[in-house]
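# Working through the structure, step by step
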Amino acid sequence: MTDVPLAHPEKAEAAPDGQALLILAADHRNSLESGLYGITAPPTPAQEARICADKLLIYQALLDAAEKLPAGAQPGILIDEQYGADVVELAARSGGAVDLAVPIEASGSDWFEFAYGDRWRRHAEFFPADYAKVLVRDNPGFDAGRRARQAKDLAEVSSWAADTGRPLILELLVPAGDSDKQAVGDDTARYDAELRPGLTVSVIEYLQDHGVEPAIWKIEGLERHEDTVAVLAAARRDARTADCIVLGRHATHGRLDHWLKVAAPVPGFVGFAIGRSIWWDALHAHLYHHSTDGETRGRITGQYLDFARYYLTARDGALAPAWAQTPRTQR
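The present account deals with the structure reproduced in this document. Everything numeric in this text was worked out from a predicted model, so none of it was measured. (Residues numbered from 1 in each chain as written. Predicted model: local features only at pLDDT ≥ 70, side-chain atom pairs only at ≥ 80, totals over all residues. Heavy atoms only, no water.)

## What about the packing of helix 2 (residues 45-66) against helix 11 (residues 293-315)?
Where helix 2 meets helix 11, the closest approach of the two axes is 8 Å, and the angle between their N-to-C directions is 55°. Taken together, helix 2 and helix 11 sit at an angle that is classed as oblique. Here the hand of the crossing between helix 2 and helix 11 comes out right-handed. Facing helix 2, whose interface residues are L57, I58, Q60, A61, L62, D64 and A65, helix 11 presents D293, T296, R297, I300, T301, Y304 and L305. (Axes fitted to C-alpha atoms, helices over the stretch in contact; angles between N-to-C directions. Helix = DSSP H or I, 4+ residues; strand = E, 2+ residues; numbered from the N terminus. Parallel < 35°, antiparallel > 145°, perpendicular 65-115°, else oblique. Left-handed = near helix turned anticlockwise from the far one by under 90°. Contact = heavy atoms within 4.5 Å.)

And the structure:
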């Protein structure tokens, strides 16, 4: 990206109150290079071009889906500048048809680091995005010094977001620490159900106490209604007005359906940001010539619409009881 400022339209307004914000997340970089494309060295120009083209295909699929969304839904795209600059530009000029969120963090680090280092503000302000986004990994059991330094950087982003009028989405991952793994016998499902909800509340409160005030907390899915309520209460403690959305974590469709069903009816949970669970398999098939551009685009559109309709149905309380439901088949 050039450092010469360009003329861009004014920043569009975010999704109106009462609309579900349904984000198609496609800001993956390091994990995409290695996991999907098998790139283990700095990508070649041809490899970079392929990733950029595939991200544009994801955006085109979202535009196809946007025309079919039920009322009360606002589509969004979470896309990076590195491989998605064309998409960022197109979404910024969509006239509000698609909300745009752009990440600020560098990809591939265990702790928060700024993309583009000391020049992060220049990059973050270059496009008129509806949201800025940061990815954070934290746990109360992690190193206290590293946690404090991370929180200081995040508070800087939070202050910048407030000053520039860009609502901040904070994507919060709470990985299990060594003591957590020991407590649940290294059982990931038990950790998610028994420990992660309480740890998530603790991390939210810690970050708030250190000056981090996102507009939206992007939260790993929760298994129980009471945990969803507790996390939202933490996000809104002391008269705060933050909302929450559910992230995908490349989970199975069945797992995501459960997370959406638990969260969607809770006022204050206002949508989702799902990525790999929607487009990974479709891009993998496309990469190995098992599908055309059009077939890939259609598959991504269908997957996104499935989750969108499921979320809206769950939000409106129209889902059958869990014991009566037939699992959705994957497209």
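So, next bit.
## Section: the environment of A71
Positionally, A71 belongs in the loop between helix 2 and strand 2 (73-79). For the pair formed by A71 and V174, sequence separation is 103 residues and the distance between their alpha carbons is 33 Å.

## Focus: the nonpolar core
If you look at the biggest cluster of nonpolar residues, it comprises 92 residues, and the most contacted ones within it are I77, I104, W217 and Y304. Here this core gets nine residues from one element, more than from any other, and that element is helix 11. Non-local contacts of Y304, meaning those with residues more than four positions away in its chain, are made with L22, I23, L24, L62, A65, L69, P75, G76, F272 and I278. Counting residues in each nonpolar core, the second largest holds ten residues, with A101, Y131, I169 and I216 among its members. (Core = buried A, V, L, I, M, F, W, Y, C linked by side-chain atoms within 4.5 Å. Buried < 20%, exposed > 50% of the residue type's maximum accessible area, 1.4 Å probe, protein only.)

## A few points about the packing of helix 5 (residues 144-164) against helix 7 (residues 188-209)
Where helix 5 contacts helix 7, the axes come no closer than 9 Å and their chain directions differ by 60°. Relative to helix 7, helix 5 is oriented oblique. As for how helix 5 packs across helix 7, the hand of that crossing is right-handed. Touching A144, R147, A148, A151 and L154 of helix 5 are V203, Y206 and L207, all from helix 7. The residue inventory of the contact of helix 5 with helix 7, partitioned by class, reads seven nonpolar, no polar and one charged. (Nonpolar A, V, L, I, M, F, W, Y, C, P; charged D, E, K, R; others polar.)

## Quick notes on the pairing of strand 3 (residues 99-103)
Each regular strand shows side chains that alternate between the opposite faces of the sheet. Counting buried positions over the five residues of strand 3 gives five, a clear majority of the element. In strand 3, alternate side chains face the same way, and those of D99, A101 and P103 on one face and L100 and V102 on the other are all buried. Where strand 2 and strand 3 come together, three bridges link them in parallel fashion. Bridging from a neighbouring strand, L78 pairs with A101 of strand 3. Each parallel crossover has a hand, and for strand 2 linked through helix 3 (residues 81-92) to strand 3 it is right-handed. Bridging between strand 3 and strand 4 (residues 131-137) involves three bridges; their strand directions are parallel. (Pairing = 2+ DSSP bridges. Right-handed = clockwise from strand over helix to strand, strands pointing away.)

## Considerations on helix 11
Over its 23 residues, helix 11 extends 33 Å from the first C-alpha to the last, a length consistent with the 33 Å expected when each residue adds 1.5 Å. Count one or two residues on from helix 11 and you reach G317, which has phi positive near 70°. (Expected span 1.5 Å × (residues − 1).)

## Topic: the packing of aromatic side chains
As enumerated under the stated definition, the model contains eight aromatic pairs in all. On the numbers, 4.7 Å between centres and 10° between planes, the contact of F114 with W120 is stacked. Summarising the aromatic geometry, the rings of F272 and Y311 are spaced 6.0 Å apart at their centres and angled 80° between planes, so their arrangement reads as edge-to-face. Of this pair, F272 sits in strand 8 (residues 269-274) while Y311 sits in helix 11, and the two are 39 residues apart along the sequence. For F272, a relative accessible area of 0% translates into the label buried. Classification of Y311 by relative accessible area gives buried; the value is 1%. (Phe/Tyr/Trp six-rings, centres within 6.5 Å; stacked < 30°, edge-to-face > 60°.)

## Regarding helix 8 (residues 225-235)
All buried positions along helix 8 are accounted for by D227, T228, V231, L232, A234 and A235. What you see down the axis of helix 8 is that its buried residues fit within an arc of 155°, all on one side. Buried residues belonging to helix 8 abut helix 7, strand 6 (216-219), strand 7 (243-247), helix 9 (253-263) and strand 8. (Arc of directions from axis to C-beta.)

## Observations concerning the sheet that holds strand 5 (residues 168-173)
Strand order around the closed barrel formed by eight strands is 1-2-3-4-5-6-7-8, with parallel pairing between neighbours. Between one strand axis and the next, the sheet turns through 25° on average, direction left out of account. Where strand 6 meets strand 7, four bridges bridge the pair, whose relative direction is parallel. The residue of strand 7 that forms the bridge with I219 is V246. Across the sheet, helix 11 touches strand 1 (20-26), strand 2 and strand 8, and the angle it forms with strand 1 is around 150°.

## Quick look at the environment of Q82
The residue Q82 is located in helix 3 in this model. The residues touching Q82, leaving out its near neighbours within four places in the chain, are R29, E33, C52 and Y116.

## As for the side chain of S158
With respect to the helices and strands, S158 occurs in helix 5. Setting aside residues up to four positions removed in sequence, S158 forms contacts with L168, G211, V212 and E213.

## Side note on the side chain of T296
Here T296 shows up in helix 11. Look at T296 and you get buried, because its relative accessible area is 1%. Here the side chain of T296 touches T292 through a polar contact of 2.8 Å, landing on its backbone oxygen. Apart from residues lying up to four places away in sequence, T296 is in contact with L57, A282, L283, H286 and S291. (Polar contact = N/O pair within 3.5 Å; in protein donor to acceptor, adjacent residues only side chain to side chain.)

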